[in-house]
Amino acid sequence: MAEVTRRILELVGLNLERFRIDWASAAEAPLFVKIVTDFTETIKKLGPLGEAEGLDPETLKLRLAAARELASQSRFRAAYGNLARELKKAGDYSPEGIRARVEQKLVPIIKKGLLEAEIKHLLSKGPVSIDALLEKTGANQEDIVPILEALSKKGQIEKQGDVWQPKAKE
Amino acid sequence: MAFDPKILSFFCHWCCYAAADSAGVARYQYPPNNRVIRVMCTGRIDPRFIIEAFYAGADGVLVGG
């Protein structure tokens, strides 16, 4: 869970220190206080969300909206569930083992899902040229074109001259 | 004015939440920036929750088991 979340936050462009997972038992009040104080100090040093990462509010919002969509996409959920099952079967719970499997199985799906959600968001506001898409998502042409083609095959978008736009419902 | 971060915390009912309780009883001082959500177990937490927290404007997310 933590590793998958970290990979998503990394791709969104957030500082990974903003997310921490830690343990303190019911009897460890002083440890708990230390964890909370430490974490608050870290966030205070980092500053407000987005500003510290050099993301402007518009991009940050777009990326987080895309991440939010990704997290409920059935393709991602299925891969996430399968990965959990695979980890259980392999019985390898070392951080390195988990990282390697997440990298191999989930990161490509996360990348593609994020980009697809970003494109859908941008297109939902009206026609967009491919250059504007490239600029706003910061992705490569080779990554974007197959997604656009897949979406237009599904009949969700269409190309008109230089711009892509959502397909009008008949 | 100094930056006052918003931190969302997910605490396990049996561990960190109880630790927070006993920290209160023992009158330990700690920063007031946390908004706590109690879950019955840390295993309940999904990447979706954390992304939603950042989307809603949290500056940091702490998961305590």
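Residues numbered from 1 in each chain as written. Chains lettered and ligands numbered in written order. Predicted model: local features only at pLDDT ≥ 70, side-chain atom pairs only at ≥ 80, totals over all residues. Heavy atoms only, no water.

**Q** Even after reading the chapter, I still don't get the overall build of chain A, so can you show me in this structure?
**A** Along the backbone of chain A there are seven helices and four strands. For 170 residues, the compact-globule estimate of 2.2 N^0.38 gives 15 Å, and chain A exceeds it by more than 25% at 19 Å. Per-residue burial over chain A gives 42% buried out of 170 residues. Within chain A, contacts between residues separated by at least 24 positions form 57% of all contacts whose residues are at least 6 apart in sequence. As presented, chain A carries roughly 9400 Å² of accessible surface, and 51% of it is formed by carbon and sulfur atoms. Taking the 28 positively charged and 26 negatively charged side chains of chain A as two groups, their mean positions are separated by 6 Å. (Helix = DSSP H or I, 4+ residues; strand = E, 2+ residues; numbered from the N terminus. Rg over C-alpha atoms; globule rule 2.2 N^0.38 Å. Buried < 20%, exposed > 50% of the residue type's maximum accessible area, 1.4 Å probe, protein only. Contact = heavy atoms within 4.5 Å. Areas by Shrake-Rupley, 256 points an atom, 1.4 Å probe, with all protein chains shown as cover. Lys, Arg positive; Asp, Glu negative; His and termini not counted. Charge placed at Lys NZ, Arg CZ, Asp CG, Glu CD.)

**Q** Whenever I open this one, the pattern of salt bridges confuses me. Can you help?
**A** Tallying each qualifying case throughout the model produces 12 salt bridges over all chains. For the salt bridge of B:Glu52 with A:Arg68, the shortest nitrogen-to-oxygen distance reads 2.8 Å. With B:Glu52 in helix H2 (residues 47–55) and A:Arg68 in helix H3 (residues 57–72), the pair connects residues from two separate chains. A single network of salt bridges, built from pairs that share partners, joins A:Glu3, A:Arg6, A:Arg7, A:Glu10 and A:Arg99. (Salt bridge = Lys/Arg side-chain N within 4 Å of Asp/Glu carboxyl O.)

**Q** Would you mind going over the interface of chain A and chain B with me for this structure?
**A** On the side of chain B, 35 residues touch chain A, which itself brings 39 residues to the contact. Taking both sides of the interface into account, the surface hidden between chain A and chain B amounts to around 3200 Å²; carbon and sulfur atoms contribute 73%. Counting the contacts that link chain A with chain B gives two salt bridges. With its nearest N and O atoms 2.5 Å apart, the salt bridge here joins B:Asp46 to A:Arg77. Where chain A meets chain B, there are 11 residue pairs in polar contact (both at pLDDT 80 or more). If you list the elements that add at least two residues to the side of chain A that touches chain B, you get helix H1 (2–12), strand E1 (19–22), helix H2 (29–46), H3 and helix H4 (74–90) of chain A. Per-element accounting of the side of chain A that touches chain B gives the leading share, 11 residues, to H2(A). As judged from the four bridges shared by E1(A) and strand E3 (residues 60–64) of chain B, these two strands associate in the parallel manner. Residue pairing in the sheet places A:Asp22 in a bridge with B:Gly64 of E3(B). (Buried area = accessible area lost by both parts, 1.4 Å probe. Polar contact = N/O pair within 3.5 Å; in protein donor to acceptor, adjacent residues only side chain to side chain. Pairing = 2+ DSSP bridges.)

**Q** What is the right way to look at the layout of surface pockets in this model?
**A** Empty space among the atoms becomes apparent when a probe as large as a water molecule is rolled across them. Residues and elements named next belong to chain A. The calculated volume of the largest pocket comes to roughly 480 Å³. Looking at the largest pocket, it is lined by 22 residues, and the ones nearest its centre are Met1, Ala2, Glu3, Ile21 and Ile98. Mapped by element, the contributors of at least two residues to the lining of the largest pocket are H1, H4 and helix H5 (95–124). Its residues placed into classes, the lining of the largest pocket shows 15 nonpolar, three polar and four charged. The computed volume of the second largest pocket comes to approximately 300 Å³. Taken together, 15 residues make up the lining of the second largest pocket; nearest its centre are Lys111, Leu114, Leu115, Ala139 and Asp143. Counting residues per element, the lining of the second largest pocket draws most heavily on H5, which supplies six residues. The class makeup of the residues in the lining of the second largest pocket is seven nonpolar, three polar and five charged. (1 Å grid on protein atoms, 1.4 Å probe; cavity = no way out; pocket = protein on both sides within 12 Å on 5 of 7 lines; lining within 4 Å. Points joined across faces, edges and corners; volume = space filled by probe spheres on them. Nonpolar A, V, L, I, M, F, W, Y, C, P; charged D, E, K, R; others polar.)

**Q** Help me understand the packing of H2(A) against helix H1 (residues 16–25) of chain B, please; the structure alone is not making it clear to me.
**A** Describing two packed helices takes the angle between their axes plus the distance from one axis to the other. For the pair H2(A) and H1(B), the least separation of the axes is 8 Å and the interaxial angle reads 100 degrees. The pairing of H2(A) with H1(B) is recorded here as roughly perpendicular in orientation. Contacts between H2(A) and H1(B) involve A:Ala29, A:Phe32 and A:Val33 from the former and B:Cys16, B:Ala19, B:Ala20, B:Ser22 and B:Ala23 from the latter. Grouping the amino acids of the contact of H2(A) with H1(B) by side-chain chemistry returns seven nonpolar, one polar and no charged. (Axes fitted to C-alpha atoms, helices over the stretch in contact; angles between N-to-C directions. Parallel < 35°, antiparallel > 145°, perpendicular 65-115°, else oblique.)

**Q** Looking at this structure, I do not really get the side chain of A:Arg18. What am I missing?
**A** Residues and elements named next belong to chain A. Relative to the helices and strands, Arg18 is located in the loop between H1 and E1. Since its relative accessible area comes to 0%, Arg18 is described here as buried. In terms of polar contacts, Arg18 uses its side chain to reach the backbone carbonyl oxygen of Pro48, at 3.1 Å.

**Q** Mind showing me how you'd approach the nonpolar core here?
**A** Grouped burial of nonpolar side chains is what soluble globular proteins tend to show. Counting 38 residues, the largest nonpolar core has A:Ile8, A:Leu14, A:Leu106 and B:Phe54 as its most contacted members. Listing elements by their share of this core, those giving two or more residues are H1, E1, H3, H4 and H5 of chain A together with strand E1 (7–12), H2 and E3 of chain B. Apart from residues lying up to four places away in sequence, A:Leu14 is in contact with A:Leu9, A:Leu49, A:Glu53, A:Leu60, A:Leu64 and B:Phe54. Residues A:Phe32, A:Val36, A:Ile43 and B:Leu62 belong to the second largest nonpolar core, which totals 16 residues. (Core = buried A, V, L, I, M, F, W, Y, C linked by side-chain atoms within 4.5 Å.)

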